[in-house]
Amino acid sequence: MNVGRVVGRAVSTQKDDKLVGTTLLLVEDLDAATGAGTGEVAIVADTIGAGAGDVVLVTHGSAARFTEATKDRPVDALVVGIVDAIRVSGADTFSRQRGFASGRTRRAARVKST
Amino acid sequence: MVLAEVTGLVVATPKAGELEGVRFAVLQPLGADLRARGGPVVAVDTVGAAEGQRVFTAAAGSARLASGMRGRPVDLAVVGIVDEIALAKRSVA
């Protein structure tokens, strides 16, 4: 499993019948310790209601089909959790309210400038 | 199976119902020199590993053969805590 950030949503009208009703999110892979983006982006199915900006836990491969909502569907990446907190080396590196510790200074600067 | 060090944990309250009661650990995979190799990953922990411990993992379908993980949407599980590693010519923690 990996930690990612929801950066968008993919809309697809013409798709496999078994994907009708499945939300498809664009999720950027993150370094769980620092919150830095790795540059990898994937289309990830979501059945728990994650939204833009959420940090999520993504499961890959056949594991993505082991939920009631995705059983027997052509899905190989699935949001299985919306992350509340991450602790690494004894420090709170991420919280849903405050974001990643390493990005707080940068984000504060951006908010100030807008 | 991959050797890794437990570096932290992930808390996710809103999650797939199939993951109720599951503990998530942040792992840093280790290379042949026992140093960090690649970025951190998240695994379910079924053996009670603590931060700083070296562990090994089972991936993909094997992860769901870990205790209590059958039928759950997990792709990586901590399945053992390493007590000792013996490398040729030298012994390391």
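Since the structure is predicted, the reported quantities are computational estimates derived from the model, not experimental observations.

(A) The overall build of chain A, seen in detail. For chain A, the helix and strand inventory stands at one helix and eight strands. For chain A, the sequential pattern of α-helices and β-strands runs β-β-β-β-β-β-β-β-α. Relative to its full complement of 114 residues, chain A shows a buried share of 33%. Sequence-distant contacts, at least 24 apart, represent 47% of the contacts inside chain A between residues at least 6 apart.

(B) Looking closely at the interface of chain B and chain A. On the chain A side, the residues contacting the 28 residues of chain B number 29 residues. Elements represented by at least two residues in the side of chain B that touches chain A include exactly β1 (2-11), β2 (24-29) and β3 (41-45) of chain B. Across four bridges, strand β6 (residues 85-88) of chain A lies against β1(B) in antiparallel orientation. Within β1(B), the position partnered with A:V88 by the bridge is B:G8.

(C) Summary view of the sheet that holds strand β5 (residues 77-82) of chain A. Residue and element names in this part refer to chain A. The strand order around the closed barrel built from five strands is β1-β2-β3-β5-β4, with neighbouring strands paired in mixed fashion. Direction aside, the axes of adjacent strands within the sheet are offset by 55° on average. With seven bridges connecting them, strand β1 (residues 2-10) and strand β2 (residues 23-30) associate as antiparallel partners. Within the sheet, the bridge partner assigned to A10 lies in β2 and is L24.

(D) Spatial organisation of the nonpolar core. Counting 56 residues, the largest nonpolar core has A:V56, A:L57, A:V83, B:V42, B:A43 and B:A77 as its most contacted members. In terms of residue count, the dominant contributor to this core is β5(A) (five residues). Each residue touching B:V42, except ones within four places of it in the same chain, is listed here: A:M1, A:N2, A:V3, A:A32, A:L57, B:V10, B:F24 and B:V26.

(E) Looking closely at unusual backbone geometry. Despite not being glycine, A:D72 shows a phi value in the positive range, around 65°. Following the sequence through the fold, A:D72 ends up in the loop between β4 (55-60) and β5. Look at A:D72 and you get exposed, because 7 C-beta atoms sit within 10 Å. At B:L34, a position not held by glycine, the phi torsion is positive, near 65°. Tracing the backbone shows B:L34 in the loop between β2 and β3. Assessed through the 14 C-beta atoms surrounding it within 10 Å, B:L34 is described here as partly exposed.

Analysis parameters
Residues numbered from 1 in each chain as written. Chains lettered and ligands numbered in written order. Predicted model: local features only at pLDDT ≥ 70, side-chain atom pairs only at ≥ 80, totals over all residues. Helix = DSSP H or I, 4+ residues; strand = E, 2+ residues; numbered from the N terminus. Buried ≥ 20, exposed ≤ 12 C-beta atoms within 10 Å, placed from the backbone. Contact = placed C-beta atoms within 7 Å. Pairing = 2+ DSSP bridges. Axes fitted to C-alpha atoms, helices over the stretch in contact; angles between N-to-C directions. Core = buried A, V, L, I, M, F, W, Y, C linked by C-beta atoms within 7 Å.

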